Structures are given as structure tokens and as C-alpha cells.
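Structural description and commentary
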Amino acid sequence: MLSVLRVHLPSEIPVVGCEITPYVLIKRPDNSVSNEDVVEAAPVGGCYMSYRWYRIQTDRKVSICSIHPSKQATLQCIGCLKAKVPPAKSFHCTPKCFSDAWRHHLVLHERASSAVNENGTEEEELFGRFSSGVSGAVNTSSTSNLNNASTPVYPASISERSGGETWFEVGRSRTYTPSADDIGHELKFECLPVDSETRIPVGNSSTVTTARVIPAPSPCPRRMIKVGGADFLGHLDHDSASSGTFKVLSYNILADQYATSELYGYCPSWALAWPYRRQNLLKEIIGYHADIVCLQEVQSDHFEEFFSPELDKHGYQALYKKKTIEVYNGNVNRIDGCATFFRRDRFSHVKKYEVEFNKAAQSLTDAVIQPGQKKLALNRLIKDNIALIVVLEEKFSNQGIDNPSQRQLLCVANTHMNVHDHKDVNLWQVHTLLKGLEKIAITADIPMLVCGDFNSVPGSASHALLAMGKVDQLHPDLGVDPLGILRPPNKLNHQLPLVSAYSTFARMVGVGLGLDLQRRKMDPTTNEPLFTHCTRDFIGTLDYIFYTADSLTVESLLELLDEDSLRKDTALPSPEWSSDHIALLAEFRCKPRMRR
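Let us look at the structure shown here. (Residues numbered from 1 in each chain as written. Predicted model: local features only at pLDDT ≥ 70, side-chain atom pairs only at ≥ 80, totals over all residues. Heavy atoms only, no water.)

1. Things to note about the environment of A461
As a reminder of what qualifies: To qualify as a helix, a DSSP run of H or I must reach at least 4 residues; to qualify as a strand, a run of E must reach at least 2; elements of each kind are numbered from the N terminus. Each residue is assigned to one of three classes by its accessible area relative to the maximum for its type, calculated with a 1.4 Å probe on protein chains only: buried under 20%, partly exposed between the two thresholds, exposed over 50%. Any two residues having at least one pair of non-hydrogen atoms within 4.5 Å are treated as being in contact.
With respect to the helices, strands and loops of the structure, A461 is situated in helix α12 (residues 461-468). Note on A461: relative accessible area 1%, which makes it buried. Distance in space between the C-alpha atoms of A461 and H475 is 6.8 Å, their sequence separation being 14 residues. With near-sequence residues (within four places) excluded, A461 lies in contact with L427, V471, H475 and D477.

2. Overview of the packing of helix α7 (residues 274-287) against helix α8 (residues 300-313)
Defined as follows: Simply put, an axis is a line fit to the C-alpha atoms, just over the touching stretch for a helix, and the angle between two N-to-C directions goes from 0 to 180 degrees. Crossing handedness is read from the near helix: turned anticlockwise from the far helix by less than a right angle, it gives a left-handed crossing, and turned clockwise, a right-handed one. All residues other than Ala, Val, Leu, Ile, Met, Phe, Trp, Tyr, Cys, Pro, Asp, Glu, Lys and Arg, Gly among them, are scored as polar; the first ten of these are nonpolar and the last four charged.
Where α7 contacts α8, the axes come no closer than 11 Å and their chain directions differ by 35°. Crossing handedness for the pair α7 and α8: right-handed. Residue-level inspection shows W274, R278, Q279, L282, I285 and I286 of α7 in contact with α8, the latter providing H302, F306, F307, E310 and L311. Of the residues belonging to the contact of α7 with α8, the class tally is seven nonpolar, two polar and two charged.

3. Considering the side chain of S300
Mapped onto the elements, S300 comes out in helix α8. When sequence neighbours within four positions are dropped, the list of residues in contact with S300 reads Y320, K322, V332, N333, R334 and I335.

4. Comments concerning the packing of aromatic side chains
Quick note on the threshold: Under the pairing criterion, centres of Phe, Tyr and Trp rings, with the six-membered ring standing for Trp, must be within 6.5 Å; the plane angle then separates stacked pairs below 30 degrees from edge-to-face pairs above 60, leaving the rest tilted. Look at NZ for Lys and CZ for Arg. If either is within 6 Å of the ring centre and within 35 degrees of the ring normal, a charge sits over the ring.
Counted according to the given criterion, the structure contains 19 aromatic pairs. Ring centres of F303 and Y320 lie 4.4 Å apart, and the angle between their planes is 15°; this geometry places the pair in the stacked category. One end of the pair, F303, is in helix α8; the other, Y320, is in strand β15 (residues 316-322), and 17 residues separate them in sequence. Judged by its relative accessible area of 6%, F303 is buried. Ring geometry for Y547 and F588: centres 5.4 Å apart, planes at 55°, overall tilted. Taken together, the residues Y547 in strand β26 (residues 543-548) and F588 in strand β28 (residues 584-590) connect sequence positions 41 residues apart. Take F588: its relative accessible area is 0%, and that puts it in the buried class. Note that K188 overlies the ring of W167, its terminal NZ or CZ placed 4.8 Å from the centroid.

5. Here's the deal with the packing of helix α9 (residues 357-368) against helix α11 (residues 423-443)
Keep this limit in mind: Comment on the angle field: the value is read as roughly parallel under 35 degrees, roughly antiparallel over 145, roughly perpendicular from 65 to 115, and oblique elsewhere.
Where α9 meets α11, the closest approach of the two axes is 11 Å, and the angle between their N-to-C directions is 100°. By the angle class used here, α9 and α11 are roughly perpendicular. For the pair α9 and α11, the contacting residues are F357, A360, A361 and L364 in the first and W428, Q429, T432 and L433 in the second. Its residues placed into classes, the contact of α9 with α11 shows six nonpolar, two polar and no charged.

6. Remarks on the side chain of H581
Here is the rule we go by: Counting of polar contacts relies on pairs of N or O atoms within 3.5 Å, with two restrictions inside protein: one atom must be capable of donating a hydrogen and the other of accepting it, and residues adjacent in sequence are counted only when both atoms are side-chain atoms.
Structurally, H581 can be placed in the loop between β27 (552-558) and β28. In terms of polar contacts, H581 uses its side chain to reach the side chain of D543, at 2.8 Å. Leaving out residues up to four positions away in the same chain, H581 has contacts with Y251, N252, D453, T532, H533, L542, D543 and L572.

7. Topic: the sheet that holds strand β3 (residues 33-34)
As a reminder, the rule being used: One requirement defines pairing of two strands: DSSP has to find at least two bridges between them.
Read from one edge of the open sheet, three strands run β1-β2-β3, paired in antiparallel fashion. Each of the sheet's edge strands pairs with one partner strand only, and the pair in question is β1 (3-8) and β3. In the sheet, strand β2 (residues 23-27) pairs with β3 via two bridges, with the strands oriented antiparallel. Its bridge partner being in β3, I26 is matched across the sheet by S34.

8. Digging into the pattern of salt bridges
Under the convention used in this document: Counted as salt bridges are all cases of a side-chain nitrogen of Lys or Arg within 4 Å of a carboxyl oxygen of Asp or Glu.
Taken as a whole and judged by the stated rule, the model has 26 salt bridges. E19 serves as the salt-bridge partner of R278, at 3.8 Å between the closest nitrogen and oxygen. In this pair, R278 is assigned in helix α7 and E19 in the loop between β1 and β2, connecting sequence segments 259 residues apart. Overall, E19 belongs to the partly exposed group, its relative accessible area being 34%. The residue R346 makes a salt bridge to E394 at a minimum N-O spacing of 2.7 Å. One end of the pair, R346, is in the loop between β16 (336-343) and β17 (347-356); the other, E394, is in strand β18 (residues 386-394), with 48 residues separating them in the sequence. In terms of burial, R346 and E394 fall into one category: buried.

9. A look at the nonpolar core
Within soluble globular proteins, side chains that are nonpolar generally end up buried alongside one another. Rules: Here, nonpolar core means buried Ala, Val, Leu, Ile, Met, Phe, Trp, Tyr and Cys residues that are tied together by side-chain atoms lying within 4.5 Å of each other.
Within the largest apolar cluster, 76 residues are counted, with the highest numbers of intra-cluster contacts made by F246, I285, I292, F341, L449, F505 and F588. Counting residues per element, this core draws most heavily on α7, which supplies six residues. By size, the runner-up hydrophobic cluster in this structure holds 39 residues, among which are I369, V430, I485 and F546.

Here it is in C-alpha cells:
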């Protein structure tokens, strides 16, 4: 018969809105061991597995720290209450926690006093749209709204326990998604084999209990800063289609296979777990309301099983290119790549180009590398990096197909380059991509966007090539070129009029609170953000959105983060931000085309 050998949870701390799938190791009648479920419709040895979830409620009220949600609150900010900040934001675990958050609290108090939301909901104005409901997120309604079982509502199955505790049955499936009703309470998971004929339990049940359920941490909202005119704080949810603009998001989301406790030990294990991170990332991505989304480090299994179907629900069409696997020696289903999404109501897909730098490396070595050095050259050049280039056509609601002169095409490149410890390889990859884009530009008068994680810091040769169209022949990065792939240096150029979108902050001559704050987060020597990547080991800028300045103008940019926004006691990823990179978002407008 069936028996349960082991049960454990992927994370001890459950989070509202994040599905919990316990690991259940089952021994079958033939003595084989598997973690695959045995359902009632397909019993094994006359038995199937039955599951129950319970919520433990006590008479004692428990409040959760708003800064460290895995800790219990011991004090409350009276200023928050007076300013009518939502009570959940006012709790703190220690006096130090409260003092460290004081500057942030002052901002909340000021916003609460002046905020008048268009829809009458102060919470959304204060804390952004990340808290709004998306697929997988949970509102404050009852547990029965969640798909936690095969039937919508259960009888209140209650069993009293000592110490004033009461058990409420909340689910009958193997998985469970905690709701707002569960906050502050422990959960209990129970599983046992059941006879398929008599429906009587066989053997003893196996149980595991979680820590207290915590609310999903909400990051400080990031707002759009207008740079194409007057300086003001914009809203993420305005309709770009009605204004003739479109928004482009670029974001390295940190693939799960790289999000290890060895690399990110400072991040709580529950916040590093993929079930939590995927929901937090999805809320963030959806909350930006971008028309085009360029993601890097998207695992192929996560693209197919999660991001593609979830973003499809929000009106996005998806295109994907995973890295090549000459170097990769892990699970091929988990290899990561670049995913580009676009709103179906704004754009249609015209063409796709896939750039595999490994193929370009093979062609290069065959053409210019001496036979005796080819193996050495390939070992250095083969890095599995790729780029996904998509040509889109904007949909005009008032234009017919009989007016082809009004077609507005857009070319979007999404890439993840080689790490910057091999600067010659990184520069060669950037140059290879730009030369490919030049060929597209020759065939069509088309605006271009080049987005991604370039693993190139401002001031590097790769950044200079992108932003200035050429590399100074005396640039120190050219000193490391063992294969001779960068010679002669004067070949390192391109004719695309590319400009970094975020350099607009530094180039604007206007004044105002929004622009002044953003300029403080910019490097004045490079006109780039101080950082787009922030870990304990490295902080700096690696991500960019470049655009062709002769055909596009920047209308607004998503405000940058600073140390206060990231919380001084941690780095990325964190409970609030689920990647080690920060998202970049730019709003563009196409320039009128000159008549020929």
C-alpha cells in the first residue's frame, strides 16, 4: 500500500498570495519511491493521497512588522495613525527598525496628508499599484475566493486544541495559497493515504506546520518622471495609446537557478524562494503597464509555465529565445534566455531575428583565427549569450490597411551579454549585435530600441561603442585582446544614432523636485544611473535602454532607486525587490517622419 516517507515545505514562512506546494515523498506498493501525486481518479494499489490544510487561530492578536514582515511587531508609529496611513504600515519590530524607517515614514505622512486619489482610494496613491490585484495576488476577501480545493466552500471543520487554539480547515488540495485571512496565523498541512473503495484512511497521517503567514511586502512605489516637457510626477497607469506614446520596460529578473543562498545569503530564504519571487516579479512587471516588456534571465521552464500564460492574461503576446547550450551543463529545461512581450492591442508581430553569438564566434574563428589557435579562441568566445530582435508594427485605430505610408514599424533588441570579466568578448558581442542592427536599418527606415543587461559599466569600451558609436583607440579596455578580435580598433564603430534613455535626466536643463532628485542618482561623468545592479559584492550600472534619437524622443522615465528605497540593511534581492537588478522603464514618442 501507499505510505508517506517524508514531507517538507519549500519555505518555512508562508506569504499571502504565494502558492505553497509541499514536497511529499511517497513509497508505492512495489517499493518504488516518488514525489508524484497519487490522485483519487488514478489510485495505486487501491489507495490515493488525501490532503488537508488548517489554519491555527489563537485568542492572542499578532501584528506584523511593516519593514521586516517575518518578525512580530512590538511598537506602532502614532504619526502614521494620525496621518491616516494604513495601520499595517505603522508597525515595527524594534526601536531600531522604527528609527531606521523614520525618514521613509515622514514621506508617508506627507503623502497621506495631501494625497487625493482619482478613484478615491488613498492606499493606491500612497503605495503604488503593486498592491493591486493581479493573477496570483490576493485581495482582502474571504478564503473561499481562492482556488485551494476541488469544491468552492468547505464546512467549518474545527477541532479544539489545548491552550486556546482552534483549527479551521481551509483547503483540501496538495497546494494552498495563503489569503489575507491567514496573516499572523500558522498553517498545518496534513497528508495520508486513503482506501479508494471505503474512503477510510490507511495508516497514520503525516503533518508539517508553517511559521506565521506574513503579508507580501510592498516596495516603495516608483513613479514616472516627465522629461519631455514640464517636470511632474506621473502615474504608471495612464493610457499611453491615447497620448501617442508607448512604454518600454527592460528588466533582468534573476533566474531561479542563480538565486542561491550561497550567493544571496543576506536575503531571507522565503523571499529567495521561487514561488514567492515569481509572484512578486509578476506584480511588479504588470504594475508598470508597459507596452513592450524585455526580460532577461527568464528560465525556459518558467517562460512556458508561468510568464507566458500569466502575461497573456494581461494582453501580452510573447516571444522567447533561450541561450545556446555549448557551455551550459545543467538541466536544459532550466536554461535561461530573453523574453520579449508586447501588448496585442498596440502592436502586431512582423518579424523576429535570433542572434546566437556562438555561431558568430564559430564564423569568426573560421575566418580570421589560425588553425592552431581555433580551440583556444572558441574556449574564450563561446559563452552561450544571445539576442532577440523583434520588429513590431504599431496598430493605428484610425488608419486603414490601404494607407501603407502610415505604417509605423519599431525594432526592439533584447539581449544579455557576457559578464564583464572578459571585456574583449563583451565588446565583440556588442559590436556584433550593432552590426546586425545596422543591416536592418539599411533595409527599412525604422526606429530602434536596444535593451538589456549588457554587463558593461558606464565608461567601458562597450558602453562607449553603444553610446558614442565608436571606441577611443587608446581606451584601456582594448589592451586585453589575446585573440586579436578587436583589431584594428578603428573598425569598432557603427552608424546608429543611439542614445541612452536614462541619460536624459542628466541632459535636461529644466528644474524641479522630480528632476533634481533623479540627478542626484546619476553619475555626472557618464550621465548614467549610479546603479542598476546592487548586491553585497557589486553595485553599479549594467542595464540600459538605448534608442535611435533621430526617430524617437523620451517623454518620461521611471524614477531611479536610491539607498533609502532599497533599505540600508540589505542589498538585492530583498523581500521588496525580487531581483538583483532594478527595472528600467522609458516612455517614447515617434518623431514625425520627413517626407521624401
